[in-house]
Number of protein chains: 8
Amino acid sequence: MELRDMLEKVKAGEVSVEEAEKYFAKKPFEDMGYAKLDTWREIRSGYPEVVYCSGKADQHLLHIFEMLYRENGEVLGTRASKEQYELVRERIPEIDYDESSRILKVEKPGKKRAGKIAVCTAGTADIPVAEEAAQTAEYFGNYVERIYDIGVSGIHRLLAKVDDIRLANCVVAVAGMEGALASVIGGLVENPVIAVPTSVGYGASMGGISALLTMINSCANGIAVVNIDNGYGAGYMASQINRLGMRSERGWRQK
Amino acid sequence: MELRDMLEKVKAGEVSVEEAEKYFAKKPFEDMGYAKLDTWREIRSGYPEVVYCSGKADQHLLHIFEMLYRENGEVLGTRASKEQYELVRERIPEIDYDESSRILKVEKPGKKRAGKIAVCTAGTADIPVAEEAAQTAEYFGNYVERIYDIGVSGIHRLLAKVDDIRLANCVVAVAGMEGALASVIGGLVENPVIAVPTSVGYGASMGGISALLTMINSCANGIAVVNIDNGYGAGYMASQINRLGMRSERGWRQK
Amino acid sequence: MELRDMLEKVKAGEVSVEEAEKYFAKKPFEDMGYAKLDTWREIRSGYPEVVYCSGKADQHLLHIFEMLYRENGEVLGTRASKEQYELVRERIPEIDYDESSRILKVEKPGKKRAGKIAVCTAGTADIPVAEEAAQTAEYFGNYVERIYDIGVSGIHRLLAKVDDIRLANCVVAVAGMEGALASVIGGLVENPVIAVPTSVGYGASMGGISALLTMINSCANGIAVVNIDNGYGAGYMASQINRLGMRSERGWRQK
Amino acid sequence: MELRDMLEKVKAGEVSVEEAEKYFAKKPFEDMGYAKLDTWREIRSGYPEVVYCSGKADQHLLHIFEMLYRENGEVLGTRASKEQYELVRERIPEIDYDESSRILKVEKPGKKRAGKIAVCTAGTADIPVAEEAAQTAEYFGNYVERIYDIGVSGIHRLLAKVDDIRLANCVVAVAGMEGALASVIGGLVENPVIAVPTSVGYGASMGGISALLTMINSCANGIAVVNIDNGYGAGYMASQINRLGMRSERGWRQK
Amino acid sequence: MELRDMLEKVKAGEVSVEEAEKYFAKKPFEDMGYAKLDTWREIRSGYPEVVYCSGKADQHLLHIFEMLYRENGEVLGTRASKEQYELVRERIPEIDYDESSRILKVEKPGKKRAGKIAVCTAGTADIPVAEEAAQTAEYFGNYVERIYDIGVSGIHRLLAKVDDIRLANCVVAVAGMEGALASVIGGLVENPVIAVPTSVGYGASMGGISALLTMINSCANGIAVVNIDNGYGAGYMASQINRLGMRSERGWRQK
Amino acid sequence: MELRDMLEKVKAGEVSVEEAEKYFAKKPFEDMGYAKLDTWREIRSGYPEVVYCSGKADQHLLHIFEMLYRENGEVLGTRASKEQYELVRERIPEIDYDESSRILKVEKPGKKRAGKIAVCTAGTADIPVAEEAAQTAEYFGNYVERIYDIGVSGIHRLLAKVDDIRLANCVVAVAGMEGALASVIGGLVENPVIAVPTSVGYGASMGGISALLTMINSCANGIAVVNIDNGYGAGYMASQINRLGMRSERGWRQK
Amino acid sequence: MELRDMLEKVKAGEVSVEEAEKYFAKKPFEDMGYAKLDTWREIRSGYPEVVYCSGKADQHLLHIFEMLYRENGEVLGTRASKEQYELVRERIPEIDYDESSRILKVEKPGKKRAGKIAVCTAGTADIPVAEEAAQTAEYFGNYVERIYDIGVSGIHRLLAKVDDIRLANCVVAVAGMEGALASVIGGLVENPVIAVPTSVGYGASMGGISALLTMINSCANGIAVVNIDNGYGAGYMASQINRLGMRSERGWRQK
Amino acid sequence: MELRDMLEKVKAGEVSVEEAEKYFAKKPFEDMGYAKLDTWREIRSGYPEVVYCSGKADQHLLHIFEMLYRENGEVLGTRASKEQYELVRERIPEIDYDESSRILKVEKPGKKRAGKIAVCTAGTADIPVAEEAAQTAEYFGNYVERIYDIGVSGIHRLLAKVDDIRLANCVVAVAGMEGALASVIGGLVENPVIAVPTSVGYGASMGGISALLTMINSCANGIAVVNIDNGYGAGYMASQINRLGMRSERGWRQK
């Protein structure tokens, strides 16, 4: 611990007050701040860094994947292209790629998945975004139940699944076009709903802006919204909420 | 009939071919067109003219109301202010005013109301717009069933009423904020749904634009949308559709 | 009928009350709901399911087409690419593809088409969307009259066709750019007009948003609007309205 | 003429080359430019300055009106409030105020009005904007024909007036809501159409933006658009065009 | 239990299979659905109904407040005007009103507040919205820490409070104008952040749309967004999350 | 002349009044209207039909070009691709194509160009749109002066050309990005300015919407705006205005 | 100095390493950060805090004004209402209020104003915003030259003043409607231009959004934009730039 | 000097007053204006012309590059494609191309870079825009410090660099998505911040519009905004500001 070391040296006379003052004055934020934030990162180390692959230069991507894989024994990338998959596979042959969700990952075998997150979609076209959410949450150690194609224009499909959905600590509701799924689910469950608008649609769907507005204007309680197509963000926040919900059950990660 | 008269005179030599040609050439649209359109107005005379009161000058408003009342024995005005009501009441003491829907009317007693239109709202704040639709449709001789406050964030309320809604020849779905009501109803009924976005809401509801976009993007079949708060327009089109649906039952207007 | 079977078995003692209760309790919406909706679907069985092809995975598309074709002896797909056509043709050689409207279908021969829907366009560039509407309506058993290229900037073209348009139970008005066609038609006919904005245009047409706004703001009575380029949705709703108009007539207009 | 005077003095040796150079170098734009623009202003002196009253401070407004009235024997103000009218009337008792168009003016008696501009509106609510256009054009010496309430949802009204409209050198088409009037007129006349969107409407009319988009996207030839509610701007440009059309005619109307 | 009763009667022959079938077929959604949802409401009864006062008719408002107060011994209203406060006070003299947050409430004395929610604002003008969130969460039994005026344009204010914020199970970040507060907090804490854009600002803040977009586009993990000025919605969802986080500590509900 | 023929036959008794009435009643708009509009087209025959090539089917395009060329000895197409040029060239080898403006045309040799239209651009990237305007106006017989790259960020370039611009009967001002050119020119000339926003730019230019808004909001008098990139529309309206301005000089087209 | 004190005490053994560690760990950002930022505030103390009055509670406003006045002997408030002026005047009778710019201030007499900032407006309606900028800059010790009403629709007015404008270290260009002023000035000067869009205008000016877009899209070099009507922000940044420009002349602060 | 020559000739009688008058009257803006502006260009000759390559025709681009290179011995192009690089390299083999920033340049060797501009980015994806800014500023002779990937969602990264940033005369803050970087920096430094929104992002980032709005709405003082992705514009204005800051220092920081 850098802070304590320095203080011990001051006490021991190994470092003069002047030198110590200069040291702290020069990097008040950098070092202390950094140390503080590092500790904090350690605390929540259940969340290894995730790589947003889209637009990364090849050498950059390879380097990050290899480094994270070496450190953690597993690695998760989102928005990866097939070309990036082929590139990474040459170095990490055990890498897996899911063309629909564009998830590129190696996951430690036998990982426990606890709690429950329900990931729901309105239509089949929303599944890629939902998979990004689901696989992110699974990678972070959460149990995920997928409930797809239950859009509100055929409400009986949703109603048939309502008990399953209500058991989750957190629901991720993924929908494009009119995006009404989140409102209906919000009215049926007691835990939080994270709404993910998708860019699915045409015409006045305006690349997901319509669905985003629908969700933001929801009359149901307990709904908050992430960016269009941001499955990763929804999976991350659902993991945070599920983890809070699991603490009581058996202690998060055996603490 | 102007057209026939002219032709008779040509035949009789009372009007020369040149004169007749000039006559027709000069007003091909005006007279013929006018006659034609008049006939057509007569055909659909079941729809007496409705007065959009908002912004009308006082003298103008009074004149229109008196004229229409004299001619038809009834008159319907929309978007009327309380001041306009008080103004008109001095001349037409039997006039009725509904402060919520801002409908100003005298209606013939004992009017038959046939067929069935269901007018539904998501919340109670949408009722003024719904009443504009309902009272317009009733004025045009349609039977209207009001089913209010069945928004999708408490889906059981809607489900409890679904049989009533399904019996209508046309459904008017009125909703602000996220505007998802129309989609859910659209998936449950077999007849057309006219969606009316309302300006109810705040923040990102943007005066009804959000609800309008939701409705336009609906994944359900059989939904079309009118302008924000346009209860009159929805009531009018629902009347057209209900009338089509009633023809078979006993004949529209005793034909 | 699942519901009745179960009740018969309860009466006969073949199934205990407890078992039946568990059965219903476990799937109260799914099965009953499903049965209910099935019945309803049966009622309106003139509307076989239609396939939205765009973005469907190849195996998925093939499976749905084959299944629907086997069940119904006919099948209709919208927004199909030429590649999808070639794919399906290998399994269903009698399939037809219309490159302009992107309709992919096999239709039962000798289908009766009753009532009348008028499908109108402002320009020739709007025809693909209009054809999606027209062919959808025809597939559902409606008689469709196509009246194309009658945009309001040459009003005499529309006026020349006004009698044909007025005989329809429902008019579909398809227009891009300024989208004024629906307003003019709405003022000339007595039956409902479904307005379809198209993405035809450039500059401030903003992919059809301008035409959508024009149509939503129409001053004419009896107009409602569907999504940009949503020919299918307009054709569907026009079918619902035409069907209502045909009930009474046992042979509409002596056909 | 300042320029010539200076040059004469240089020639006469009354002003040295150095002094003249300094003079020109110091105000090359101001004086010359000013002189130039003055000349130009003189050339088109048919257009006296018009006062945009809205938001002007009282003393400022009074000063401008008195100055212009003294100079020109007449004065025109737009967007004037009733309070401003009462203020100005105390100093200029012969001032006239039109509450609808908010025009505040004294006009020279017996002014000749030549050529022809047609000012058309879709509805009666568009008349205030139309009057701003019409009275501006009249003030500039143009003959104006008002043709109001000929909106496209009752196309026969427009068709009945088409000959009158076609005789104008320029048409001003004023419309709110769907704003389709300009397109229909544009297709029927041979001279330019200036389209004025109005803020009339509600809901998705968005204060005139919808009408503006409709008009900008017009498929008809010969249409250009001014700002929402900018009757003055349309009246000004119509005057420019009418003036061009009148040049040849040495007494238009004497034909 | 209605379901079991009916089945018993079928078994006993008291009700025929036909009658039972009709019964279930007629109200499959209504009764079962309703019963089901009622149970669910009971389960989460920790959340008494909250009244959205804005726009409620006086009699309606009084009735709801009296009924809820009688039933629950406490009542919470949001978006109440001062007039509504005075109205309600005549019937419920112990009612409290907070002019800034427009919260109108009677709360049971001695209510325990558990867990921890941090409610933060960027500026002082965001406090009314923050108070709506904070008082809602407190009413639902959550401990709330208010940390106001820590906007990112003076980042040291936020950094000085970061430890306090990090101890919360959920953070509510309230900000208008550029709305960057949520992103900075999101990068510093491990639990979820609910971002509330406010309509505070002028010019290009567009009534909160800018802040909403900023928050939706946040690069930080663990952020989701509610509607502009929707303090209530944020307070509600924060309560859901805090409750999940508290379960483990001593058992929620055993208090 | 159909109209006269019919009247002659009525007079001669060859056609009965009843038959004639039915004839007129059946096609009141089509035939008469058509005749009327034909006459009108003849009057302004200086404007041969122009072909909007973009999106036209190959056979359609060929047919229209050949037909118009045969009839008029010249033909003008806008928005033509290089492929379309090559297609048409096989049939009409004398066709010319300008890759920048995408104009495809054969023009009669020795055509007189009268009056004066100034076509100005802010930058060099606006030239393709300006050329569409200029070549359209030239094709219609107008003399066009091109004054390019005089954007307001280097105002001296514009000032150096101001005398040339002021001599035009109409100015076309073409600009993208901030689109300020029209305002500056509008303040310097006495004749109308047609402003053409272009889609040139990036970022917040939003495909020309920014330039469109700038131009619509111009404080200068005598400016009206056409659609983004609509060089043809500006060229057409400039031709209408120039023609009005030329009447006086020597008679339009030697009439 | 808190930091040094603590280190001295550690060295002297008056504070144990553990205690010191806890101290630093507990407030690493707050105290150090705060100290650091304080120093920085001192450095730029030429900028006393400015009060944004709009929406401040009365007691709050009074307290801030009195405190700042006592501390600095002067105080500046922006966006103050007349009521706020009257309120503050009771406590600080020497306070001045400018109704147009809504500036509320006491300024130390005899303040030197150095360097040069030019504040320009397009029209007279933009002056309130310009005055907010000018008076802010003057309060911060800058010499300001006001050059108002030089909008681009009368370019000679701007050209006549160009030499004055070019001598400024920084230009503030204030304009509403089409907002083109900044572009023209940007092309004429060598120092930075801060563009301030104003909400002046109507129709498609959309409360200043149009002017903002124009300015953001400027083709001229050396222009950056602040929020609509944000005269204060422009005055602040102009002060920063002018101060940089003055350093060389005689040394900033030695005055 | 043209002006003096002419005056001398007038004095000497070589040119008559009339001729001189005509001469000045004919080109008052063109020649004098041009001369004036030329002088001005000379004054700020530190800024050689920069080439915006995107969309330039090949011959045009080659010609400009060769001309500027010959004249200045160096040349800078922005937004160049790889194809353009290869094209220019054939003529100017010493040309350099940076694929990320798309800068194409030859720079004089040994150019001094003075003062200090800090160019900061939120993420790595913003680097291409930042490099356009940085390399532009370097080309103009400014010392640039790059501080990349310090986005606000990991605030410690920014805090660690705050001293470096504060030493700059001007900061360029480049950020996409939520764009909050500029606000945080603005609150930490005393010199001006130029904010550059980038089109980096997806969903509701709307191609950079969201980041632009965030930046325009910044609550921090001393921030102004340029167009989305406009690194060049930011680099240019930063150069202007840095130059002002350097004037006094005869060797800024002893370099």
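Residues numbered from 1 in each chain as written. Chains lettered and ligands numbered in written order. Predicted model: local features only at pLDDT ≥ 70, side-chain atom pairs only at ≥ 80, totals over all residues. Heavy atoms only, no water.

### Quick word on the overall build of chain A
When its secondary structure is counted, chain A shows 11 helices and 9 strands. Sequence-distant contacts, at least 24 apart, represent 67% of the contacts inside chain A between residues at least 6 apart. Roughly 9800 Å² of accessible area belongs to chain A as shown, and the carbon and sulfur atoms make up 47% of that amount. (Helix = DSSP H or I, 4+ residues; strand = E, 2+ residues; numbered from the N terminus. Contact = heavy atoms within 4.5 Å. Areas by Shrake-Rupley, 256 points an atom, 1.4 Å probe, with all protein chains shown as cover.)

### Considerations on unusual backbone geometry
Its identity as a non-glycine residue notwithstanding, F:Met177 has a phi of 50°, on the positive side. Among the secondary structure elements, F:Met177 is positioned in the loop between β7 (170-175) and α9 (181-186).

### Thoughts on the packing of helix α6 (residues 127-139) of chain H against helix α11 (residues 231-246) of chain H
Residues and elements named next belong to chain H. Between α6 and α11, whose axes approach to 7 Å, the crossing angle comes to 35°. Here the hand of the crossing between α6 and α11 comes out right-handed. Contacts between α6 and α11 involve Val 129, Glu 132, Ala 133, Thr 136 and Ala 137 from the first element and Gly 231, Tyr 232, Gly 235, Tyr 236 and Ser 239 from the second. In the contact of α6 with α11, the residues fall into 5 nonpolar, 4 polar and 1 charged. (Axes fitted to C-alpha atoms, helices over the stretch in contact; angles between N-to-C directions. Left-handed = near helix turned anticlockwise from the far one by under 90°. Nonpolar A, V, L, I, M, F, W, Y, C, P; charged D, E, K, R; others polar.)

### Here's the deal with the sheet that holds strand β2 (residues 75-78) of chain B
All names here are of chain B. Ordered in space as β1-β2-β4-β3, the 4 strands form an open sheet in which the pairing is mixed. Here the strands that pair on one side only, and so sit at the sheet edges, are β1 (51-52) and β3 (96-98). As paired elements, β1 and β2 share 2 bridges and run parallel to each other. Its bridge partner lying in β2, Val 51 is registered against Gly 77. (Pairing = 2+ DSSP bridges.)

### Side note on the pairing of strand β7 (residues 170-175) of chain B
Put simply, side chains in a regular strand alternate between the two faces of the sheet. Residue and element names in this part refer to chain B. Burial analysis of β7 places 6 of its 6 residues in the buried class, which makes it a mostly covered element. Burial of the side chains of β7 extends over both faces: Cys 170, Val 172 and Val 174 are buried on one face and Val 171, Ala 173 and Ala 175 on the other. Relative to β7, strand β5 (residues 114-121) runs parallel, the two sharing 5 bridges. Counted as the bridge partner of Ala 118 is Val 171 from β7. Once the chain exits β7 it traverses helix α9 (residues 181-186) before rejoining the sheet at strand β8 (residues 193-197), and the crossover so formed is right-handed. (Buried < 20%, exposed > 50% of the residue type's maximum accessible area, 1.4 Å probe, protein only. Right-handed = clockwise from strand over helix to strand, strands pointing away.)

### Thoughts on the packing of helix α4 (residues 58-72) of chain F against helix α5 (residues 82-91) of chain F
Between two packed helices, the angle of one axis relative to the other and the distance separating the axes together describe the packing. All names here are of chain F. At a closest axis distance of 10 Å, the pairing of α4 and α5 adopts a crossing angle of 50°. In terms of axis orientation, α4 runs oblique to α5. Crossing handedness for the pair α4 and α5: right-handed. Across from Asp 58, Leu 61, Leu 62, Phe 65 and Glu 66 in α4, the residues of α5 making contact are Gln 84, Leu 87, Val 88 and Arg 91. Within the contact of α4 with α5, the residues separate by chemical class into 5 nonpolar, 1 polar and 3 charged. (Parallel < 35°, antiparallel > 145°, perpendicular 65-115°, else oblique.)

### Notes on the environment of H:Val193
With respect to the helices and strands, the residue H:Val193 is situated in strand β8 (residues 193-197). Residues H:Val193 and H:Gly222, 29 residues apart in the sequence, show an inter-C-alpha distance of 6.0 Å. Not counting the four nearest positions on each side in its chain, H:Val193 is found in contact with G:Met237, H:Val171, H:Ala173, H:Ala182, H:Ile185, H:Gly186, H:Gly222, H:Ile223 and H:Ala224.

### What about helix α10 (residues 209-216) of chain G?
Counting buried residues along α10(G), 8 of its 8 residues qualify, which places the element largely inside the surrounding structure. When we look at burial in α10(G), the residues that qualify are G:Ile209, G:Ser210, G:Ala211, G:Leu212, G:Leu213, G:Thr214, G:Met215 and G:Ile216.

### What about the sheet that holds strand β4 (residues 103-106) of chain A?
All names here are of chain A. The strand order across the open sheet built from 4 strands is β1-β2-β4-β3, with neighbouring strands paired in mixed fashion. At either end of the open sheet lies a strand with only one pairing partner, and these are β1 (51-52) and β3 (96-98). The pairing of strand β2 (residues 75-78) with β4 spans 3 bridges and is classified as antiparallel. Each bridged residue has a counterpart across the sheet, and for Leu 76 the counterpart in β4 is Lys 105.

### Some details on the confidence of the model for chain A
All names here are of chain A. Counting all residues, the mean pLDDT for chain A is 84, and 85% of those residues have values of 70 or more. Here helix α3 (residues 28-43) stands out as the least confident element of chain A, with mean pLDDT 34; strand β8 (residues 193-197) is the most confident, with 98. The low-confidence segment residues 25-46, where pLDDT is below 50, has 45 contacts with residues more than four positions distant or belonging to other chains. Ignoring residues within four places in sequence, the model shows residues 250-255, a span with pLDDT below 50, making 7 contacts including any to other chains. Reported for the predicted complex are a pTM of 0.87 and an ipTM of 0.83. (pLDDT = per-residue confidence, 0-100.)

### A word on the packing of aromatic side chains
Think of a pair of aromatic rings as described by two things: how far the centres are apart, and how the planes are tilted against each other in angle. The tally for this structure, following the rule as stated, stands at 40 aromatic pairs over all chains. For the ring pair A:Tyr52 and H:Tyr202, a centre distance of 6.5 Å and an interplane angle of 20° mean the geometry is stacked. Residue A:Tyr52 is located in strand β1, and its partner H:Tyr202 is located in the loop between β8 and α10 (209-216); the two belong to separate chains. Assessed through its relative accessible area of 34%, A:Tyr52 is described here as partly exposed. Seen in terms of ring centroids, A:Tyr232 and A:Tyr236 are 6.1 Å apart; in terms of plane orientation they differ by 55°. Their pairing is tilted. Pair noted here: A:Tyr232 and A:Tyr236 are both in helix α11 (residues 231-250), with a separation of 4 residues, about one helical turn. Note on accessibility: A:Tyr232 and A:Tyr236 belong to one class, buried. Three or more aromatic residues link up through ring pairs in this structure, and these residues are A:Tyr139, A:Phe140, A:Tyr232 and A:Tyr236. (Phe/Tyr/Trp six-rings, centres within 6.5 Å; stacked < 30°, edge-to-face > 60°.)

### So, the environment of F:Cys120
Tracing the chain through its elements places F:Cys120 in strand β5 (residues 114-121). Measuring from C-alpha to C-alpha, the distance between F:Cys120 and F:Ser81 comes to 25 Å, with 39 residues separating the pair along the chain.

### Let's talk about the pattern of salt bridges
Taken as a whole, this structure holds 93 salt bridges over all chains when the rule is applied. Here H:Glu190 ties to G:Arg243 by a salt bridge, and the two come within 4.0 Å at their closest N and O atoms. Residue H:Glu190 is found in the loop between α9 (181-186) and β8, and its partner G:Arg243 is found in helix α11 (residues 231-250); the two belong to separate chains. A relative accessible area of 17% means that H:Glu190 is categorised as buried. What makes G:Arg243 buried here is its relative accessible area of 6%. H:Lys111 is the salt-bridge partner of H:Glu107, the closest N and O atoms lying 3.2 Å from each other. Look at the salt bridges and you will find they share partners, linking E:Glu74, E:Lys105, E:Glu107, E:Lys111, E:Arg113, E:Glu131, E:Glu138 and E:Arg146 into a network. (Salt bridge = Lys/Arg side-chain N within 4 Å of Asp/Glu carboxyl O.)

### Concerning the side chain of D:Asn230
Here D:Asn230 is to be found in the loop between β9 (223-225) and α11 (231-246). There is a polar contact of 2.8 Å between the side chain of D:Asn230 and the backbone nitrogen of D:Gly233. Excluding anything up to four places from it in sequence, D:Asn230 contacts D:Arg79, D:Glu132, D:Val196 and G:Tyr202. (Polar contact = N/O pair within 3.5 Å; in protein donor to acceptor, adjacent residues only side chain to side chain.)

### Quick notes on helix α6 (residues 127-139) of chain A
Taking 1.5 Å of rise per residue, 13 residues should cover 18 Å, and α6(A) covers 18 Å from first to last C-alpha, within 8% of that figure. Among the residues of α6(A), A:Val129, A:Ala130, A:Glu131, A:Glu132, A:Ala133, A:Ala134, A:Gln135, A:Thr136, A:Ala137, A:Glu138 and A:Tyr139 are the ones counted as buried. (Expected span 1.5 Å × (residues − 1).)

### Some thoughts on the side chain of C:Asp126
All names here are of chain C. With respect to the element layout, Asp 126 can be found in the loop between β5 (114-121) and α6 (127-139). No salt bridge is formed by the buried Asp 126; its nearest oppositely charged neighbour, Arg 157, is found at 9.2 Å. There is a polar contact of 3.4 Å between the side chain of Asp 126 and the backbone nitrogen of Gly 176. A polar contact is formed between the side chain of Asp 126 and the side chain of Thr 198, at a distance of 2.8 Å. Residues within four places of Asp 126 in sequence aside, it is in contact with Thr 121, Val 174, Ala 175, Gly 176, Thr 198 and Val 200. (Lys, Arg positive; Asp, Glu negative; His and termini not counted.)

### Describing the state of the cysteines
Per the counting criterion, the structure on display carries 0 disulfides over all chains. With no disulfide of its own, B:Cys219 has A:Cys120 as its nearest cysteine by sulfur position, at a separation of 16 Å. The exposure class assigned to B:Cys219 is partly exposed, which follows from its relative accessible area of 42%. E:Cys170 carries a free sulfur, and the closest cysteine sulfur to it, the one in E:Cys120, is 10 Å from it. (Disulfide = S-S within 2.5 Å.)

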